[in-house]
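# A closer look at the structure
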Amino acid sequence: MREYKGSEIRNIAVVGHGASGKTSLVDALAFVSGSSKRHGSVKDGTALTDFAPEETERGFSINLACAFAEWQDTKINLIDTPGFLDFQGDAIAGLAAADGALCVVPATHGVETGTERMFREAVKRGDPVLFVVSMMDKEHADFDRIYQQIKTRLTNKVIPVEIPIGDGPMFHGVVNLFTKRAHIFKRGVRTGEYEETEIPAEAQEQFDRYYNELIESISATDDTMLEHYLEGAEISRDEAIAGMKEAMKRMELFPLFCISSELNYGTQAVLSTIVELMPNAYEMEELHAFKGAEGDATVEIHAKDEAPCAALVFKTTSEPHVGDVTFFRVFSGTVVTGDIGCVAKMRNTHTNDTLSTRPHPVRLPQITFPEVQISMAVHAHNRADEEKLQQGLHRLHDEDPTFELHYNAETHETIVSGLGERHLEVNMAKLRRKFGVTADLSKPKIAYRETIKAKAEGQGRHKKQSGGRGQFGDCWVRFAPQPRGAGYLFVDEIVGGSIPRQFVPAVDKGIQEAAVRGILAGFPLVDFRVEVFDGSYHTVDSNEMSFKMAGILAFKAVAAKCKPVLLEPLDELEIVTPDDHMGDILGDLSSRRGQILGTESGDNGTVIRAIVPQAELHGYASSIQSMTQGRAFFKRHFKGYEEAPHEVAAKVIEEHAKEREEELAAAH
Ligand SMILES: Nc1nc2c(ncn2[C@@H]2O[C@H](COP(=O)(O)OP(=O)(O)OP(=O)(O)O)[C@@H](O)[C@H]2O)c(=O)[nH]1
Ligand SMILES: [Mg+2]
């Protein structure tokens, strides 16, 4: 491949809902440009950008992947992104590396949640967007309907530039509104060969309608052109193209195309349009980066060859036999300015790292990834694999920042979190293939706690006579509740040396040790105060160990008398939902023992804030998705502990007793 200058490079992310035809489009574009020698297919597992075994097995994209098409002396980097919301981390990373987006909308299903989410994400980033109506050859394809749908659901600034001749099985050509010429495709071949003709009579009426709309829309974005137009002067093709390109940068126009990737109809026009209308890598707006490795002094980054090199890592992967691969986008300076590259064997680089030069260290703006939605406990299938499991999980997190893990010290479980069930399931498959570890997912245990609600006092007395030297420790303690979150407090009230000074800390230690195992259901007892106020000792038999035992016995005797109760962890949820799903969501929250804090209207719908017990939130992400067809989203964070209602506590205590019995039975 020849070397390309920044002005000859286009970086394009291909985004849209799941199964909208993105991967097929990328393959068709690479093929029709001649950059790829064969026309691959998602169905056969031969598509250029769906090569991971997890993808070919399932038939959909999981990781972002790059392909390129050389067309009209330009290198078009195409970043294929996954459409399923479970994998949207990679779609967002793909957009961050690109200067423009193709938003793919299937001619059959039209606009869906994923289309909406990714279109808004691209607009938020200020990337020009080109809409592509895909699968025009399929039964029930309907270009006009999809165009109207994009207009009402996404943006009224969408404007067709290529229109189809025939829909569905009758689709056999396209008319370009700029050139006023038609391409009639050869039937039976899938190479995109066509004959260029005048506009056929059957398409004339549609052409006239769309042509007027196009010229009106472009003119409306530019005063001089508008004047020409109103005077009735002809707008030249060059003028229209230049006007369109500027309007696209300002998000004032979004052109619309139609294609069939399967048949390769309309794909060459998409390539030419990317070259003509999408910004090249030199045209990006300056970025505001941070100077140096720390601090918040900023510096502007301009896309220029002679500027110091600054590149952003937007993805890393590791593959058996290949090793680590780092994808980066150069924003200034050379490797080659503006290009997307990947290198193997770059150690210790992670997504969102900036690669810069030693004399000019900078940090580029970070990609903001979506927050995790679901959590599961993970266990290695074979105990011996526990360490390999931990290593593998950390590597998977490095590859995918939306896949998180942490250890819950209270429940002794490793917890993995992600964007959906499918996301976690796919990561377990990667774990098996890449790291040879089979792991099982299960519902995470809830980290209940216990506390006391009344005061009481009592004795702990440990006495043991076993040949030679005995053990003797004896203490009197008072327990009292502390406010929620105040923790544990130990007070030494010993007067007159009834327990020798050096043994008092041992009593404290014994109580704390026993408190970890609680009194009701094996959960740590928290928020209580202990005063040790009396005791006795033996000059020969007393030692630290004996007083620690006395502390443990005192805990068991006294805590049980203090009205112990179970505490359950609560999360605060912030849910953003379209108004028409409000009722469903509120109803569902109350069935989960949720307490609604309030609702207010925001930019993207109604914001509901609620506090819900963690025990009731398992599977919430899936149920909110199905309740709202994926249109609502939520954040959750730990709020605190509150006393569990009686029935809930009774059930947890009963389960614990059963587990203990089973453990004892197994031990015998
Ligand atoms: N008939 C027809 N089928 C198509 C066309 N484009 C894609 N398909 C089929 O539609 C299905 C989905 O296509 P993909 O290219 O995998 O869609 P995607 O958008 O990459 O899907 P995700 O990776 O899941 O987001 C596959 O079975 C394709 O073979 C087309 O132009 N015509
Ligand atoms: Mg795909």
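Before any of the text, the structure's been laid out above.
Residues numbered from 1 in each chain as written. Chains lettered and ligands numbered in written order. Predicted model: local features only at pLDDT ≥ 70, side-chain atom pairs only at ≥ 80, totals over all residues. Heavy atoms only, no water.

The N-to-C vectors of helix α3 (residues 88-97) and helix α4 (residues 113-124) enclose an angle of 30 degrees; their axes lie 10 Å apart at closest approach. Taken together, the axes of α3 and α4 are roughly parallel relative to one another. Read as a crossing pair, α3 and α4 show a hand that is right-handed. The residues of α4 that touch α3, namely those facing Q88, A91, I92 and L95, are R117, M118, E121 and A122. Considered class by class, the residues forming the contact of α3 with α4 number five nonpolar, one polar and two charged. (Axes fitted to C-alpha atoms, helices over the stretch in contact; angles between N-to-C directions. Helix = DSSP H or I, 4+ residues; strand = E, 2+ residues; numbered from the N terminus. Parallel < 35°, antiparallel > 145°, perpendicular 65-115°, else oblique. Left-handed = near helix turned anticlockwise from the far one by under 90°. Contact = heavy atoms within 4.5 Å. Nonpolar A, V, L, I, M, F, W, Y, C, P; charged D, E, K, R; others polar.)

On to the site of ligand 1, then. Surveying the vicinity of ligand 1 reveals 20 residues, the closest of which are K22, T23, S24, S61 and D137. Between an oxygen atom of ligand 1 and a main-chain N or O atom of A19, the distance comes to 2.9 Å. For ligand 1, an oxygen atom lies 2.6 Å from a polar atom in the side chain of S24. Calculation on ligand 1 without its partners gives an accessible area of 650 Å², and the protein chains cover 89% of this total. Here the residues of the shell around ligand 1 sort into six nonpolar, nine polar and five charged. (Near = heavy atom within 4 Å. Polar contact = N/O pair within 3.5 Å; in protein donor to acceptor, adjacent residues only side chain to side chain. Areas by Shrake-Rupley, 256 points an atom, 1.4 Å probe, with all protein chains shown as cover.)

Turning next to the nonpolar core. In this structure, I76, L102, F131, I150 and M244 are the most contacted members of the largest nonpolar core, which totals 100 residues. When near neighbours in sequence (up to four residues on either side) are disregarded, F131 contacts C103, V105, F119, I150, L154, T155, V158, F254, P255, L256 and F257. L396, I585, Y620 and F634 belong to the second-largest nonpolar core, a separate cluster that totals 31 residues. (Core = buried A, V, L, I, M, F, W, Y, C linked by side-chain atoms within 4.5 Å. Buried < 20%, exposed > 50% of the residue type's maximum accessible area, 1.4 Å probe, protein only.)

Strand order in the open sheet formed by four strands is β24-β25-β27-β26, with mixed pairing between adjacent strands. Whereas interior strands pair on both sides, the edge strands pair on one side only; in this sheet they are β24 (456-464) and β26 (488-492). Each adjacent strand pair in this sheet contributes to an overall mean axis angle of 25 degrees, direction not counted. The pairing of β26 with strand β27 (residues 528-536) spans five bridges and is parallel. Bridge pairing links Y488 to F528 in β27. Its contacts with the sheet put helix α12 (residues 504-516) on β25 (471-481), β26 and β27, and the angle it makes with β26 is roughly 155 degrees. (Pairing = 2+ DSSP bridges.)

For the rest of this paragraph, the subject is the sheet that holds strand β13 (residues 298-301). Across the sheet, which stays open at both edges, the three strands sit in the order β13-β12-β18 with antiparallel pairing between neighbours. Edge positions in the open sheet fall to β13 and β18 (362-363), since each of these has one partner strand only. Relative to β18, strand β12 (residues 287-291) is paired through two bridges, and the arrangement is antiparallel. Bridging from a neighbouring strand, K291 pairs with V362 of β18.

If you walk through the whole model with that rule in mind, you get 20 aromatic pairs. Pairing F143 with Y210 gives two aromatic rings, centres 6.2 Å apart and planes at 80 degrees, and the pair type is edge-to-face. One end of the pair, F143, is in helix α5 (residues 143-153); the other, Y210, is in helix α6 (residues 201-220), and 67 residues separate them in sequence. By relative accessible area, F143 is classed as buried at 1%. Pairing F185 with Y194 gives two aromatic rings, centres 5.9 Å apart and planes at 75 degrees, and the pair type is edge-to-face. Residue F185 is classed as buried on the basis of its relative accessible area of 6%. (Phe/Tyr/Trp six-rings, centres within 6.5 Å; stacked < 30°, edge-to-face > 60°.)

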